[in-house]
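An overview of the molecular structure
The primary structure of each chain is shown beneath.
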Amino acid sequence: YTVELPAGLVDAGETPAEAAVRELKEETGYLGVARVASSALCLSPGLTSETVSLVTVDVDLSAKGNDNPIAEPDEGEFVERLIVPVSQLGEELDRYEQRG
């Protein structure tokens with residue numbers, strides 16, 4: 001297993017914020033609202049021209065449509081959704097690391 005955040009490519013004519021909301025829906029089934037998107041970031045400029053944008057998305061778990069989310073991952077994607085309160089995220093990640 002790996003612990004990942006929803007991510008994917010930005011389609012033609014799409015902003016990083018729009019892509020983030022779309023990928024969230026595809027990979028987790030949740031509906032969200034993009035709040036902040038970073039400028040393009042280069043992670044390995046000496047090796048690749050790839051850029052990423054970090055997008056903060058708010059998800060209201062009590063909102064209509066989020067009560068029974070159904071993920072629609074692309075072929076070959078295998079996603080297990082875990083809901084962890086932000087206040088417990090560090091502890092939860094430590095537990096998963098200890099399990100290997």
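Here is a short report on the structure shown in this document. (Residues numbered from 1 in each chain as written. Predicted model: local features only at pLDDT ≥ 70, side-chain atom pairs only at ≥ 80, totals over all residues. Heavy atoms only, no water.)

Description of the overall build of the chain
Just so we agree on the cut-off: The secondary structure listing takes helices from DSSP runs of H or I that are at least 4 residues long and strands from runs of E that are at least 2 residues long, numbered from the N terminus. For the exposure calls, accessible area comes from a 1.4 Å probe over protein chains only, and a residue counts as buried if that area is under 20% of its type's maximum, exposed if over 50%, partly exposed in between. Contacts were defined at the residue level, with two residues in contact if any of their heavy atoms lie within 4.5 Å. Note on areas: these come from Shrake-Rupley sampling with a 1.4 Å probe, and a residue is covered only by the protein chains present in the view. His is not counted here, nor are the chain ends, while Lys and Arg score as positive and Asp and Glu score as negative. Where a charge lies is defined by one atom per residue type, namely NZ (Lys), CZ (Arg), CG (Asp) and CD (Glu).
When helices and strands are tallied, the chain shows 2 helices and 4 strands. Helices and strands appear in the chain in the N-to-C order α-β-β-β-β-α. Here the C-alpha coordinates of the chain stretch approximately 35 × 35 × 30 Å along the principal axes. The burial tally for the chain puts 15% of its 100 residues in the buried class. The long-range fraction of contacts in the chain, counting pairs at least 24 apart against all pairs at least 6 apart in sequence, stands at 42%. Carbon and sulfur atoms make up 54% of the accessible area of the chain, which totals about 8000 Å². Each charge sign in the chain was given a centre, from 7 positive and 20 negative side chains, and these centres are 8 Å apart.

What about the packing of aromatic side chains?
Under the convention used in this document: Only the six-membered ring of Trp is used, alongside the rings of Phe and Tyr, when aromatic pairs are assigned; centres must lie within 6.5 Å, and planes under 30 degrees apart are stacked while those over 60 apart are edge-to-face, with the rest tilted. A ring is scored as having a charge over it whenever the NZ atom of a lysine or the CZ atom of an arginine sits within 6 Å of its centre and within 35 degrees of its normal.
Inspection of the entire model under this criterion finds 0 aromatic pairs. Positioned above the aromatic ring of tyrosine 96, the side-chain terminus of arginine 99 is 4.7 Å from the ring centre.

Things to note about the side chain of glutamate 27
Stated formally: Salt bridges are identified by distance alone: a Lys or Arg side-chain nitrogen within 4 Å of an Asp or Glu carboxyl oxygen. Any pair of nitrogen or oxygen atoms within 3.5 Å is treated as a polar contact; in protein, a donor-acceptor pairing is required on top of that, and neighbouring residues in sequence qualify only through side-chain atoms on both sides.
Here glutamate 27 lies in helix α1 (residues 16-28). Although glutamate 27 is buried, it makes no salt bridge; arginine 22 carries the closest opposite charge, 7.4 Å away. Here alanine 7 takes part through its backbone nitrogen, which lies 3.4 Å from a polar atom of the side chain of glutamate 27. Not counting the four nearest positions on each side in its chain, glutamate 27 is found in contact with Leu5, Pro6, Ala7, Ala71, Glu77 and Val79.

Focus on a nonpolar patch on the surface
What counts is decided by this rule: Any residue with relative accessible area above 30% and no salt bridge may belong to a patch, with like charges joined within 9 Å and the nonpolar Val, Leu, Ile, Met, Phe, Trp and Tyr side chains within 5 Å.
Side chains of Val3, Leu89 and Leu93 sit close together on the surface and give an oily, nonpolar patch of about 260 Å² of accessible area. Within the secondary structure, valine 3 sits in the segment before α1. Judged by its relative accessible area of 60%, valine 3 falls in the exposed class.

Quick notes on the pattern of salt bridges
Overall, the coordinates contain 6 salt bridges when judged by the stated rule. Glutamate 23 is the salt-bridge partner of arginine 22, the closest N and O atoms lying 3.0 Å from each other. The exposure class assigned to glutamate 23 is buried, which follows from its relative accessible area of 6%. Ionic pairing is found between arginine 35 and aspartate 58, a salt bridge with its closest N-O pair at 2.7 Å. Here aspartate 58 lies in strand β4 (residues 55-58) and arginine 35 lies in strand β1 (residues 33-37), a separation of 23 residues in the sequence.

What to know about the side chain of arginine 22
Among the secondary structure elements, arginine 22 is positioned in helix α1. Within the structure, the side chain of arginine 22 is placed 2.9 Å from the backbone oxygen of leucine 9, a separation counted as a polar contact. A polar contact is formed between the side chain of arginine 22 and the side chain of glutamate 23, at a distance of 3.0 Å. When sequence neighbours within four positions are dropped, the list of residues in contact with arginine 22 reads Leu9, Asp11 and Glu14.

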